[in-house]
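Listed below, chain by chain, are the residues.
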Amino acid sequence: MSTEKTSAETLGRKSSDVILKDVTKIFQQPDTGKEFTAVNHINLKINDGEMVTLLGPSGCGKTTTLRMISGFEYPTSGEVLIGDRDVAKVPPNKRGISMVFQSYALFPHMNIWENIAYGLRVQKLPLDEIIKKTNAVIDMMQLTGMGKRFPNQLSGGQQQRVALARAVVIEPSVLLFDEPLSNLDAKLRESMRDELRALQKRLGITSLYVTHDQSEAMAISDRVVIMKDGNIMQVGNPSEIYAFPNSRFVANFIGKANFLDGTFIGMDGTTAQVKIYDQTFDIPSPGKMDGVKEGGACCLAVRPEGILLSAMDGRLQGRVRRATYYGAKIEYEIMLHEQPILVEVYTSQQNKVFSEGENVFLSLVSNSVRVLA
Amino acid sequence: MTDSDGSKASKTNVARTKKRNETRMIMRQPVMMITILAVIILLILFVVYPLVKVFLFGLTDENGGFSLANLVEIVTTPKYLATCGRTLWLGFIVAIISTFIGYVFAYTITRTNAPCKKFLRIIATMPILSPPFILSLSIIFLFGKQGLITKSLLGITGNDVYGMTSLIIVQVMSFFPVAYLTLSGILQSIDASVEDAACNMGANRWHTFWTVTFPLSLPGIISGCLLVFIQSLEDFSNPATIGGDYTTLSVEVYQIITGSYDMRKGSVLAVLLLLPAMIAYLLNKYWVNKKSFVTVTGKPTQARKMIDDPGIKWPLFIFCMIIAAVVILFYGTVIFGSFVTTWGYNYAFTLSQYQRALAYGMDSLKNSIVLGVISAVIGGMFGMVIAYITAKRTYYGKRFIEVASVLMFAVPGTVLGISYVLAFNSKPFVLTGTAVILVIVFVFRNMPVAIESGTTTLLQIDNSIEEASTILGADSGYSFRRISLPMLKNAFFSGIVYSFVKAITAVSAIIFLVSPKWNLVTSKIYTLFDQAKYSQAAAFVTMMVAILLIFIGLFNMVINKVLAPKSRIPAGAERKTEESV
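Residues numbered from 1 in each chain as written. Chains lettered and ligands numbered in written order. Predicted model: local features only at pLDDT ≥ 70, side-chain atom pairs only at ≥ 80, totals over all residues.

A description of the overall build of chain A should follow, citing residues and the corresponding values.
The helix and strand tally for chain A stands at nine helices and 20 strands. Along the first, second and third principal axes, the C-alpha atoms of chain A reach 75 × 50 × 45 Å. Looking at the 373 residues of chain A, the share that counts as buried comes to 40%. (Helix = DSSP H or I, 4+ residues; strand = E, 2+ residues; numbered from the N terminus. Buried ≥ 20, exposed ≤ 12 C-beta atoms within 10 Å, placed from the backbone.)

What follows is the structure, encoded as structure tokens:
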């Protein structure tokens, strides 16, 4: 532990915040010639030392955003500020930032030591300083003794560590991650994810992480940015986003959600009243309810674990169409009128297990229900 | 680029916008920008300018005014028209025969399990590395007035070996490897399962060949024909030495310029030679290659089942072995001839040919090696630079670099020689008679192979590797030196070897450019032919073979030593890591 601490201290901290101001990127499709807005007037601030994840389906603009911060793409309009400096038109090698690539992009003809020292050699630091810093990072990343190996002689996890070491050794003001874990198998991905987060916290480097894996995004970030079609849909810390999604898209993209269509009757204090299937439900914390009008259509967004099942009582009645046993939980698909509803029941060993075809009653855990347009 | 068609116009607009954006990106990288500008200037100076000069010179009179007189005179002179006809006819015949032989070799090697395939492969590729004159020499040794076969074996005296038949034999042997290389590439890349499918549907081997294999390899066949045709057109050393009365264009140009010093007529003839060569080159590059059906999927296909049917295997094998025997006979004859006292009379062993040859042209041999090495190294590096700046970017002028940098490859050597004489014998660029002009000719003529292999390598390297270098702070020059160049090792090596071989075996390109001070071995050998000192020429040629082999080995060693990945870490660092283990 003590060596790790000193290693971390060997690296200075030059971190700074990142601000995107009204950034737009328009590409022209090479085949059709049509303009395509990859990123549409987005504003985002990444605080100093914070880890922010860009999350979204492919083509949502998350990679383009990352590449504009890295400098491999220049924005069509808008400002990119790193610290106080507008870098929108500064080439990548002059930005003082660093990046971990999806394919790791280790230099195949250099050994591990030289791979990691590369950025320091570029800066033409005195050799003893290069040695000091490189060795510190090698120790910190538990790569001690592997300096002379070549990238193709390492396992996937080790290659990942080298890529990370190479990125942090130059003490970047911002660290960018382009889906760095997608090449690893599931088990390794989880442990590398935790390792990566621990390192980021310890060094306190401002980080932007791009992924399409929502559980990875939840686990790793201070804040998550959900993107779709070049727009930012929602920004918030993982639990906010999960508990208070502001749209069906976000609710569906982060975790699973059921949407029960109904009519918004009105507010009773802070409690919203919504009518579904001719019954009125009181929703104590309905969320922001953007775009929901009194007397208009709305829906209730309910997480699969926000529904309780019972054989006797509940306000909604349905029939079990499918029950899947997962050990820790049972997942039911229940037909509520014509609509399939997903329900997850944990502590499955204590609850009654329903079988397919059985009739069940559903009740909503009202605190976890949100009202969306 | 002046499309009025709506969709096409917008397409060009898009391409332009993209190009403009990327051009802007590049302008922010000073090293990159300076390199691109320097390359463009060099290409204009040493590729475009000389070629323009040839055209202009052919179309002007003594006073510099525009005139078609030279062109008209050439076109209306039956002698020159006949020369054009002979050149094209020879090219056509040689292309057909060479491609046929190349195809048989390629098919035998890729499709049957005939024995000695490695040997056949060597036979079918070796002549590419062979010095010029070697086959002409041996056909004279074998079938000439003092010929081993004609005179000593068959007792025919005064056989005239010079003429079209000899020319065809010699050119076919020189150029069938070109067709073989193209065709074996194509045949190998045809997915085995396609042929298997035809077989499964009941087609016999013969039917499968004509309905599947042959049509699929047709682009390769045409490509092979065109490439051989170009080679035959360009060839100077063979028609000049054994063509006899069968004069070809390149020889005619040489005779006009050295005989009557008529540079203008020479320029017109050079243009006449350049046009068919250019057309064949462009046809191959832009038409045939697009027609290719071969798709590379990157998916490993199952191993091909080799043909074992004796009725197919043995005839093919015997055909190849006969060609191989002829190739060996020809090369062997020259080596043998270099150790013989007087060919045709006294076959006693002697080293005197070598002594005389060296006494006569030791310095030219040295020049060839020195200039060959210099130009190969420069050309190899320059080729890597061009590959690097063209492989993965778009910007204004990129297309020009791509085209101009490989243009000299398609230009017949004779034309190249004249163009350089015209461009660099007067102010502002007086280079004729120097070693510099020879190096420049070699660099620009032989660079395309380096560019091509460099480009292929770069396209295979993941973009993010270079991005990683950039984001770590390296500018494009540093990235090139530390990242791309080392990974281009193999491409660099093949470029250097090719450039070196081509430089020291070049004849037509340098024949006008050598000077008494800077003479080269090939032009010396050509002089020996004029004096009928064939055994001395044989000694020279044999030495050239040895030199080529030695230098290829040497280059290989140097490249591996200099650029091999070294697993070294600084001394201080090592001690520390050892401790903390």
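Can you break down the overall build of chain B residue by residue, with the values?
The number of helices and strands found in chain B is 24 helices and four strands. In terms of overall dimensions, chain B is globule-like: its C-alpha atoms have a radius of gyration of 26 Å, near the 25 Å expected for 581 residues. Reported as C-alpha extents along the three principal axes, the dimensions of chain B are approximately 80 × 75 × 65 Å. Residue pairs at least 24 apart in sequence account for 79% of intrachain contacts in chain B once pairs closer than 6 positions are excluded. (Rg over C-alpha atoms; globule rule 2.2 N^0.38 Å. Contact = placed C-beta atoms within 7 Å.)

Let's hear about the sheet that holds strand 10 (residues 231-236) of chain A: which residues, and what values?
All names here are of chain A. Pairing within the open sheet is mixed, and its six strands lie in the order 6-7-8-3-9-10. A strand with exactly one partner marks an edge of an open sheet, and here the two such strands are strand 6 (98-100) and strand 10. In this sheet, neighbouring strand axes are inclined to one another by 20° on average, regardless of whether the strands run parallel or antiparallel. (Pairing = 2+ DSSP bridges. Axes fitted to C-alpha atoms, helices over the stretch in contact; angles between N-to-C directions.)

I'd like to hear about the sheet that holds strand 19 (residues 359-364) of chain A, residue by residue, with values.
Residue and element names in this part refer to chain A. The antiparallel open sheet is built from five strands, whose spatial order is 15-19-16-17-18. Among the strands making up the open sheet, the edge pair consists of strand 15 (307-310) and strand 18 (339-346). Adjacent strand axes in the sheet meet at a mean angle of 45°, parallel and antiparallel pairs treated alike.

Quick rundown of the domain arrangement of chain B? Include the residues and the values.
Residues and elements named next belong to chain B. Looking at chain B, the domain boundaries give domain 1 (22-67 + 350-565) and domain 2 (89-245 + 307-337). Taken over C-alpha atoms, the centre of domain 1 sits 28 Å from the centre of domain 2. Every contact between the two is made by 19 residues of domain 1 and, on the other side, 16 residues of domain 2. If you list the elements that add at least two residues to the side of domain 1 that touches domain 2, you get helix 17 (413-424), helix 21 (489-505), helix 22 (521-530) and helix 23 (534-563). Broken down by class, the residue content of the side of domain 1 that touches domain 2 amounts to 12 nonpolar, seven polar and no charged. (Domains from an automatic or database assignment. Nonpolar A, V, L, I, M, F, W, Y, C, P; charged D, E, K, R; others polar.)

Give me the lowdown on the domain arrangement of chain A, citing residues and values where you can.
Parsing chain A into structural domains produces domain 1 (2-97 + 172-243) and domain 2 (256-372). Distance between the C-alpha centres of domain 1 of chain A and domain 2 of chain A: 35 Å.

Account for the environment of E22(B), with residues named and values stated.
All names here are of chain B. Mapped onto the fold, E22 is located in helix 1 (residues 6-27). Here E22 falls in the partly exposed class, since 15 other C-beta atoms lie within 10 Å of it. If sequence neighbours within four positions are ignored, E22 has contacts with R393, T394 and Y395.

Any details on the confidence of the model for chain B? Residues and values, ideally.
Close reading of the predicted structure is inappropriate where its pLDDT is low. All names here are of chain B. When pLDDT is averaged across chain B, the result is 84; 91% of the residues are at 70 or more. Taken element by element, the predicted model of chain B shows its lowest mean pLDDT in helix 24 (residues 571-580) (53) and its highest in helix 4 (residues 78-111) (93). Low confidence marks residues 1-9, where pLDDT is under 50. Its contacts with residues over four positions away, or in another chain, come to five contacts. Counting contacts from residues 575-581, a segment whose pLDDT is below 50, to residues more than four positions away or on other chains yields 10 contacts. (pLDDT = per-residue confidence, 0-100.)

Tell me about unusual backbone geometry, and please be specific about residues and values.
Most peptide bonds are trans, and most residues other than glycine sit at a negative phi. The backbone of Q142(A) sits at a positive phi, close to 55°, despite the residue not being glycine. Secondary-structure assignment places Q142(A) in the loop between helix 4 (127-140) and helix 5 (156-168).

Can you lay out the environment of Y104(A) for me, pointing to particular residues and giving the numbers?
Along the chain, Y104(A) turns up in the loop between strand 6 and helix 3 (112-122). Looking at Y104(A), the number of C-beta atoms within 10 Å reads 23, which means it is buried.

Outline the pairing of strand 9 (residues 223-228) of chain A, listing residues and values.
All names here are of chain A. Pairing geometry for strand 3 (residues 51-55) and strand 9, over four bridges, is parallel. Following the sheet pairing, T53 is matched in strand 9 by V224. For strand 9 and strand 10, the ladder comprises five bridges, and the chain directions are antiparallel. When the bridges of strand 10 are listed, V224 appears paired with G236. In textbook terms, the turn of a hairpin is the stretch between consecutive antiparallel strands, and for strand 9 and strand 10 this stretch comprises two residues, one of which, D229, has a positive phi near 50°.

Which residues make up the packing of helix 4 of chain B against helix 14 (residues 310-337) of chain B, and what values go with them?
All names here are of chain B. Between helix 4 and helix 14, the shortest axis-to-axis distance is 10 Å and the interhelical angle comes to 125°. In terms of orientation, helix 4 lies oblique with respect to helix 14. Our pair here, helix 4 against helix 14, has a crossing hand that is left-handed. Taken together, the residues of helix 14 that come into contact with helix 4 (itself represented by I101, V104, F105, Y107 and T108) are L316, F317, F319, C320 and I323. Split by residue class, the contact of helix 4 with helix 14 holds nine nonpolar, one polar and no charged. (Parallel < 35°, antiparallel > 145°, perpendicular 65-115°, else oblique. Left-handed = near helix turned anticlockwise from the far one by under 90°.)

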